[in-house]
Amino acid sequence: MTSATVASASGPAGEFSGVRVLVTGGTKGIGAAVALRFAEAGADVVVAARTPVDEPPTGRFVAADIATADGTATLAAQATHMLGGVDVLINNAGSQTHIPGGALDAADDDWYHDLDTNLMSAVRLDRALLPGMIAQNRGVIIHITSGQARLPGAASLPYAAAKAATTVYSKGLANEVGKHGIRVNTVVPGLIQTPAVTRRLDQITADSGQDAETARRQLIDRVGIPLGRPGRPADVAELVAFLASDRAAFITGSQYAVDGGSIPTV
Ligand SMILES: NC(=O)c1ccc[n+]([C@@H]2O[C@H](COP(=O)([O-])OP(=O)(O)OC[C@H]3O[C@@H](n4cnc5c(N)ncnc54)[C@H](OP(=O)(O)O)[C@@H]3O)[C@@H](O)[C@H]2O)c1
């Protein structure tokens, strides 16, 4: 193993054996798929969310609100205690405030909510866990952003701006910690069929009186997905696993979309 090795480059079976992984928002949607993907490849995984679940996808769970400084401090301490250190941190948890009236209707609280949940959560967790990674001279951090960082939605500007800020932050952090054998990358999902999207579709159905399939088709058309369907959480998990593995040993400071082709520009 090189000093910067996190997992062997030998492919999926046992690829993450002995690797200690923390996934925020790992009880549902993309985070749950990511946590399972690592666990199935042998990793020791802790997931975090606000709401305890009866059967966490990987057995180990920490209850924490990552939108608060206390929540991230508790999570970093408990995950470090449970795992004995963290080799791979997946900053996945996030949420968007829906503001139908657009930018002028977004109150300070809306902005602070989305900045705290999507940007400061990652900043605080990285800050808490990076000293351990620096001490062992290896580590991987992945920030889950959104296509809205490049194509801001009309009714979710604070979210889009927070995700764009996370992208810039991620790049700067990668520049700074590369010399310690730590890689930092950004994964940019498009429309992925998760509980968050199901909630959004339920809302559209209720507001418009459309049937669920029509609402779903219209959302796909509005987003514009050349592959013609929303992604699956497992589609995102596969990219995250690749970027966390030594198969991606020379990749840092980059962003990768997994969006069925939604971003229409080069
Ligand atoms: N689905 C998409 O189409 C899509 C597209 C682009 C980007 N993304 C990004 O992908 C990530 C995951 O999205 P998703 O669709 O999988 O979301 P989801 O289905 O709503 O699941 C979110 C997960 O994060 C947890 N979470 C939310 N707020 C939290 C908080 N303040 N503290 C701790 N945990 C929290 C949730 O559990 P609790 O509610 O119990 O806390 C849950 O486990 C987010 O960053 C999102 O912005 C998603």
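See the structure printed just above.
All figures in this text were calculated on a predicted structure; none of them were measured in a lab.

Conventions and cut-offs
Residues numbered from 1 in each chain as written. Predicted model: local features only at pLDDT ≥ 70, side-chain atom pairs only at ≥ 80, totals over all residues. Heavy atoms only, no water. Helix = DSSP H or I, 4+ residues; strand = E, 2+ residues; numbered from the N terminus. Rg over C-alpha atoms; globule rule 2.2 N^0.38 Å. Contact = heavy atoms within 4.5 Å. Pairing = 2+ DSSP bridges. Axes fitted to C-alpha atoms, helices over the stretch in contact; angles between N-to-C directions. Polar contact = N/O pair within 3.5 Å; in protein donor to acceptor, adjacent residues only side chain to side chain.

Here's the deal with the overall build of the chain
Then step 1. Within the chain, the regular secondary structure consists of 7 helices and 7 strands.
Then step 2. Taken from N to C terminus, the helices and strands of the chain fall in the order β-α-β-β-α-β-α-β-α-β-α-α-α-β.
Then step 3. Here the chain has a C-alpha radius of gyration of 18 Å; the compact-globule value for 266 residues is 18 Å, and the two agree.
Then step 4. Expressed along its principal axes, the backbone C-alpha trace of the chain runs to roughly 55 × 40 × 35 Å.
Then step 5. Pairs at least 24 residues apart make up 68% of the contacts formed inside the chain by residues separated by at least 6 positions.

A closer look at the sheet that holds strand S3 (residues 60–63)
Then step 1. Across the sheet, 7 strands lie side by side as S3-S2-S1-S4-S5-S6-S7; this open sheet has parallel pairing. The sheet is open, and its two borders are formed by S3 and strand S7 (255–258), each paired with just one other strand. With strand direction ignored, the average angle separating the axes of adjacent strands in the sheet is 20°.
Then step 2. Across 4 bridges, the pairing between strand S6 (residues 182–189) and S7 is parallel. Paired with Val188 across the bridge in S7 is Ala257.
Then step 3. Its contacts with the sheet place helix H3 (residues 108–136) against strand S1 (20–24), strand S4 (88–91), strand S5 (139–144) and S6, and it is angled at close to 170° to S4.

A word on the side chain of Asn91
Then step 1. Of note, Asn91 is situated in strand S4.
Then step 2. Reaching out from Asn91, the side chain makes a polar contact with the side chain of Asp126 at a distance of 2.8 Å.
Then step 3. Not counting residues up to four positions away in its chain, the partners in contact with Asn91 are Thr24, Ser121, Ala122, Leu125, Asp126, Ile141, Ile142, His143 and Ile144.

Treat this as a map of the structure, not an account of what it does.
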